[in-house]
Amino acid sequence: AQLVLLALWLPLLWASDIEIESASEHVTHEMLMVDADSRIEFSEDAIKAMNSGVPITIEFDLRIARPRKLLWDAEVLSAHRDFTIERHALSDQFVLSDRATGERRIHGELGLAIQDLARIRDLPIAEASQLAGEDVEISLRLRLAIRSLPGPLIPIAFISPGWHMSSGWYRWRTQL
């Protein structure tokens, strides 16, 4: 009986996922920029919600730390950005918004908006001069912001595995 229950639960556990496949940093116009390529697979419930006009927010968290041998790493910088995908009711198009800058990109299909979100390019993090010459570890994570959902949907999202999406921390070391 437990095996049957586990077999029924497993598809729900993997119904949605975010995985950061690669990430890198570069300096452009004296700004430290980050690029990241991800795979984002929303659950059927999240897809239905977006198609019905419910905005979905993905949080982008970044940390830069100076590694130390004897103590925990010293955090140098942390940054947070929110990206939202929502369906525009009148035009029936999907809008990907960077909530920090107000930049909006419009897509005719939800799949294209998700692909755009999964490919982050030239995201400014800090002035390069602040971190010049530092050996650092950069960590970033993408996750679905359950608390940003409309009120009636939040309790359902908290108990449903299909709404719990996080890439976990993707890390790499570099010298800036």
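Everything that follows concerns the structure shown earlier in this document.
Per chain, residue numbering runs from 1 following the sequence as it is written. Totals for whole chains, interfaces and linings use every residue, but because this is a predicted model, local features are given only for residues with pLDDT of at least 70 and side-chain atom pairs only at 80 or more, for both listing and counting. As a convention, hydrogens and water are excluded, and side-chain values are obtained from all of the structure's heavy atoms.

**Considering the overall build of the protein**
Then, in step 1: The secondary structure content of the protein amounts to 5 helices and 9 strands.
Then, in step 2: Strands are runs of DSSP state E lasting at least two residues, helices are runs of H or I lasting at least four, and both sets are numbered from the N terminus onward. N-terminal to C-terminal, the α/β element order of the protein is α-β-β-α-β-β-β-β-α-β-α-β-α-β.
Then, in step 3: Considering only C-alpha atoms, the protein reaches an extent of 55 × 50 × 25 Å along its principal axes.
Then, in step 4: Taking all 176 residues of the protein together, the buried fraction comes to 42%.
Then, in step 5: Pairs of residues are marked as contacts when any of their non-hydrogen atoms sit within 4.5 Å. In the protein, of all internal contacts separated by at least 6 residues, the share reaching a separation of at least 24 is 63%.
Then, in step 6: Note on areas: Shrake-Rupley, 1.4 Å probe, and residue coverage restricted to the protein chains presented here. Of the roughly 10,300 Å² of accessible surface on the protein, 53% is carried by carbon and sulfur atoms.
Then, in step 7: The averaged location of the 26 negative side-chain charges in the protein is 5 Å from the averaged location of its 18 positive side-chain charges. Burial here depends on accessible area, computed with a 1.4 Å probe over protein chains only, as a share of the maximum for the residue type. Under 20% is buried, over 50% is exposed, and the range in between is partly exposed. Charge counting follows a simple rule: Lys and Arg are positive, Asp and Glu are negative, and His as well as the terminal groups are ignored. For the purpose of locating charges, the reference atoms are NZ of Lys, CZ of Arg, CG of Asp and CD of Glu.

**A closer look at the packing of aromatic side chains**
Two measures describe an aromatic ring pair: the distance that separates the ring centres and the angle between the ring planes.
Then, in step 1: Stacked, edge-to-face and tilted labels apply to pairs of Phe, Tyr and Trp rings (six-membered ring for Trp) whose centres lie within 6.5 Å, assigned for plane angles under 30 degrees, over 60, and everything in between, in that order. Overall, the coordinates contain 1 aromatic pair when judged by the stated rule.
Then, in step 2: A centroid spacing of 6.0 Å and a plane angle of 55° characterise the contact between Y170 and W172, whose relative ring orientation is tilted.

**Examining the sheet that holds strand β5 (residues 93-98)**
Strand pairing in a sheet relies on backbone hydrogen bonds, with the paired strands running either antiparallel or parallel.
Then, in step 1: Two strands pair if DSSP finds at least two bridges between them. With respect to topology, 6 strands assemble into an open sheet ordered β6-β5-β4-β3-β8-β9, the strand pairing being antiparallel. If you trace the sheet from one side to the other, it starts and ends with β6 (104-107) and β9 (170-175), each paired once. The sheet shows a mean angle of 20° between the axes of neighbouring strands, taken without regard to direction.
Then, in step 2: Pairing analysis gives 8 bridges linking strand β3 (residues 56-66) to strand β8 (residues 135-144), with the strands arranged antiparallel. Considered in β8, the bridge of L62 is made with L140.
Then, in step 3: Across the sheet, helix α2 (residues 44-51) lies against β3, β4 (74-88) and β5, angled at about 60° from β4, the strand it touches most. Think of each axis as a best-fit line through the C-alpha atoms, taken over the contacting stretch in the case of a helix, with angles from 0 to 180 degrees between the N-to-C directions.

**Regarding the sheet that holds strand β2 (residues 31-41)**
Then, in step 1: Sheet architecture is open: 3 strands sit in the order β1-β2-β7, paired in antiparallel fashion. Edge positions in the sheet fall to β1 (17-28) and β7 (119-127), since each has one partner strand and no second. Averaged over neighbouring strand pairs, the angle between their axes works out to 25° when direction is ignored.

**So, the pattern of salt bridges**
Then, in step 1: Salt bridge, as used here, is a side-chain nitrogen of Lys or Arg placed within 4 Å of a carboxyl oxygen of Asp or Glu. Considering all chains together, one arrives at 14 salt bridges under this definition.
Then, in step 2: Of the charged contacts, one joins D98 and R81 as a salt bridge, the two residues approaching to 2.4 Å between their closest N and O atoms. Separated by 17 residues along the polypeptide, D98 in strand β5 and R81 in strand β4 bring together distant segments of the chain. Just as D98 is buried, R81 falls in that class too.
Then, in step 3: In this structure, R87 engages D92 in a salt bridge whose closest nitrogen and oxygen atoms are separated by 2.7 Å.

**So, α2**
Then, in step 1: Those residues of α2 that sit buried are A46, A49 and M50. For α2, the angular spread of the buried residues around the axis is 95°, confining them to a single face.
Then, in step 2: Against the buried residues of α2 lie β3, β4, β5 and α3 (110-118).
Then, in step 3: Positioned one or two residues after α2, G53 has a phi angle of 100°, which is positive. Within this analysis, the arc is defined by the directions that extend from the helix axis to the C-beta atoms.

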